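So the chains spell out like this:
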Amino acid sequence: MPQMPSPLELAIALIQIPSITPQDRGCQALLSEFLQNLGFTLYPLRFGEVDNLYARLGTQGKNFCFAGHTDVVTAGDPAAWRAPPFAAEVHDGILIGRGANDMKGGVAAMLAAAARFLHHRPDFAQHDSLSFLITGDEEGVATDGTVRVLEWLRARSERLDYCLVGEPTCMNRLGDGLKNGRRGSLNGELILHGRQGHVAYPQLADNPIHRVAPIIDRLVRHRFDAGNAHFPATSLQFTNIQAGDGFHNVIPGTLRLTFNFRFSPESTPVGLEQQLRDRLDREVPPVSYTLHTQLSGLPFLTEGGPLLEAVSRSVQQITGVTPTPSTGGGTSDARFIALDCPQTVEFGLLSATIHQVNEQVAVADLEQLTRVYEQVLQTLFPAP
Ligand SMILES: [Zn+2]
């Protein structure tokens, strides 16, 4: 690996490894070699089927951590792509490939930024620390990934003071968005119990399909909370509905719904489930049901502080765009990291093509993102 690699070279090397979650296929070996050459101490952490990597340079001062993942989602039909999804071809200044934005491009920019920063600051590790927390299980179930690495860090009393997560956060151009928080996510299943019967004798049955329509309507129109200055109101979305076995003459006995809450800190998982129960218990005539919820992630917010200021200012300086802090969008591993690291911010590439066919990134954006990351380090750790 050359001393001053370009983020494009690194991104191409990573994309050419088809690390569909949770397979690693050598991504983390590539990162390890790179970081070792920069003087980092490596802690490869394999949990279950998943390869994770924690690497740290320095043992004292503030610990700044770049966090991300090297796994990608499936490419889908390769023939639908303009260029093969794992070939990492560049056409007219655009790098095409699975993971270009989500988030091998971001990881490449972090590595290149670290190399450039340390090149100018060979004494950095005498005062402060730089670390990488990279998982191979963000796109999958995410149980043997960042969560387990954080447990490991806690057991070692290893602290993260600042964490910059390089997930794609921008909409239309690099710099227009950063995430300083995320909504919580609560999954659930609601089963309505009726009574099975013959369609010709409905008086002898209780059809849960007929009961569910007004129930869904009332629940989705209910205001679970009003959100707050940083978060939109909690939203409930039903994601699946299933009843019956396909017989035209049978009224089904049960109906199963699945749903997801994206919730603001104004609500809690227990409180949301209770609100659902309160409303279901008020149904006339009474409805028999079973309800389960499962927490997927708590909300977090980094309301201010040095990291958020450094990221905002660096984005502005390098891209000329003032980023709008947001808590919208899906979840990311930042929800776990923020429980241990009070200053957690996400900034990365454009999200327009992530998980799609022809995922692509402008080569110029990779270079600009690298400069933003380097500038964040320079802002937080000015030369003594
Ligand atoms: Zn991602």
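Residues numbered from 1 in each chain as written. Predicted model: local features only at pLDDT ≥ 70, side-chain atom pairs only at ≥ 80, totals over all residues.

### Details of the overall build of the chain
Link 1 in the chain: Looking only at helices and strands, the chain features nine helices and 19 strands.
Link 2 in the chain: Its C-alpha atoms give the chain principal-axis dimensions of roughly 80 × 45 × 40 Å.
Link 3 in the chain: In the chain, which comprises 384 residues, the share counted as buried stands at 45%.
Link 4 in the chain: Relative to all contacts within the chain whose residues are 6 or more apart in sequence, the contacts with residues 24 or more apart total 79%. (Helix = DSSP H or I, 4+ residues; strand = E, 2+ residues; numbered from the N terminus. Buried ≥ 20, exposed ≤ 12 C-beta atoms within 10 Å, placed from the backbone. Contact = placed C-beta atoms within 7 Å.)

### Some remarks on the domain arrangement of the chain
Link 1 in the chain: Per the domain assignment, the segments making up the chain are domain 1 (7–182 + 299–380) and domain 2 (184–297).
Link 2 in the chain: For domain 1 and domain 2, the distance between their C-alpha centres works out to 37 Å.
Link 3 in the chain: Counting residues at the interface gives six residues for domain 1, matched by nine residues for domain 2.
Link 4 in the chain: Here the residues of the side of domain 1 that touches domain 2 sort into two nonpolar, three polar and one charged. (Domains from an automatic or database assignment. Nonpolar A, V, L, I, M, F, W, Y, C, P; charged D, E, K, R; others polar.)

### Quick notes on the sheet that holds strand β4 (residues 89–91)
Link 1 in the chain: With antiparallel pairing, the three strands of this open sheet are ordered in space as β4-β5-β19. Here the strands that pair on one side only, and so sit at the sheet edges, are β4 and β19 (360–362). Averaged over all adjacent pairs, the angle separating strand axes in this sheet is 30 degrees, with direction ignored.
Link 2 in the chain: Where β4 meets strand β5 (residues 94–96), three bridges bridge the pair, whose relative direction is antiparallel. Within β5, the position partnered with His91 by the bridge is Ile94.
Link 3 in the chain: Contacts from helix α9 (residues 363–380) reach β4, β5 and β19, with the element oriented near 70 degrees to β19. (Pairing = 2+ DSSP bridges. Axes fitted to C-alpha atoms, helices over the stretch in contact; angles between N-to-C directions.)

### Section: the sheet that holds strand β10 (residues 184–193)
Link 1 in the chain: Strands sit in the order β12-β14-β10-β15 across an open sheet of four strands; the sheet is antiparallel. A single partner strand is all that each edge strand has here, and the edge strands are β12 (235–243) and β15 (288–297). With direction set aside, neighbouring strand axes in the sheet form an average angle of 15 degrees.
Link 2 in the chain: Pairing of β12 with strand β14 (residues 254–263), which is carried by eight bridges, proceeds in the antiparallel orientation. Among the inter-strand pairings, Phe238 is bridged to a residue of β14, identified as Phe259.
Link 3 in the chain: Along the sheet, helix α5 (residues 208–221) contacts β10, β12 and β14; its crossing angle with β12, the most-contacted strand, is approximately 170 degrees.
Link 4 in the chain: Seen against the sheet, helix α6 (residues 269–281) touches β10, β14 and β15 and runs at an angle of roughly 160 degrees to β15.

### Remarks on the pairing of β10
Link 1 in the chain: Only one face of β10 is buried: it carries Gly184, Leu186, Gly188, Leu190 and Leu192, and the other face, with Ser185, Asn187, Glu189, Ile191 and His193, is open.
Link 2 in the chain: Inspection of the sheet shows β10 paired to β14 by ten bridges, in the antiparallel sense. By the bridge assignment, Leu190 is partnered in β14 with Leu257.
Link 3 in the chain: Judged from the nine bridges that link them, β10 and β15 form a sheet pairing that is antiparallel. Directly across from Gly188, in β15, lies its bridge partner Thr293.

### Some details on the environment of Phe231
Link 1 in the chain: Considering the arrangement of structural elements, one finds Phe231 in the loop between α5 and β12.
Link 2 in the chain: Here Phe231 falls in the buried class, since 24 other C-beta atoms lie within 10 Å of it.
Link 3 in the chain: Setting aside residues no more than four positions away along its own chain, Phe231 makes contact with Arg183, Ser264, Pro265, Pro299 and Thr327.

### Focus: the environment of Val345
Link 1 in the chain: The residue Val345 is located in strand β18 (residues 344–346) in this model.
Link 2 in the chain: According to the C-beta neighbour criterion, Val345 is buried, with 25 such atoms within 10 Å.
Link 3 in the chain: On a C-alpha basis, the gap between Val345 and Val287 in space is 44 Å, while along the polypeptide they are 58 residues apart.
Link 4 in the chain: Residues within four places of Val345 in sequence aside, it is in contact with Leu164, Leu178, Asn180, Thr302, Leu307, Leu308 and Val311.

### Quick word on the nonpolar core
Link 1 in the chain: By size, the foremost hydrophobic cluster in this structure holds 77 residues, and its most contacted members are Ala11 and Leu111.
Link 2 in the chain: Sort the elements by how many residues they give to this core and helix α3 (residues 104–120) lands first, with ten residues.
Link 3 in the chain: If we skip the residues at most four places from it in the chain, Ala11 touches Leu95, Ala100, Lys104, Gly105, Ala108 and Leu366.
Link 4 in the chain: Core analysis: the second largest hydrophobic core is formed by 13 residues, Leu255, Leu257, Phe261 and Leu276 among them. (Core = buried A, V, L, I, M, F, W, Y, C linked by C-beta atoms within 7 Å.)

### Regarding unusual backbone geometry
Link 1 in the chain: A cis amide bond, omega -15 degrees, links Asp102 with the succeeding residue Met103.
Link 2 in the chain: Relative to the elements of secondary structure, Met103 occurs in the loop between β5 and α3.
Link 3 in the chain: The amide bond that connects Val284 to the next residue, Pro285, takes the cis arrangement and shows omega of -5 degrees.
Link 4 in the chain: Mapping Pro285 onto the fold places it in the loop between α6 and β15.
Link 5 in the chain: In this structure, Ser157 takes a positive phi of about 55 degrees despite not being glycine.
Link 6 in the chain: Turning to its location among the elements, Ser157 is positioned in the loop between α4 (146–155) and β7 (162–165).
Link 7 in the chain: Phi is positive for His355, close to 65 degrees, though the residue is something other than glycine.
Link 8 in the chain: Note on placement: His355 falls in the loop between β18 and β19.

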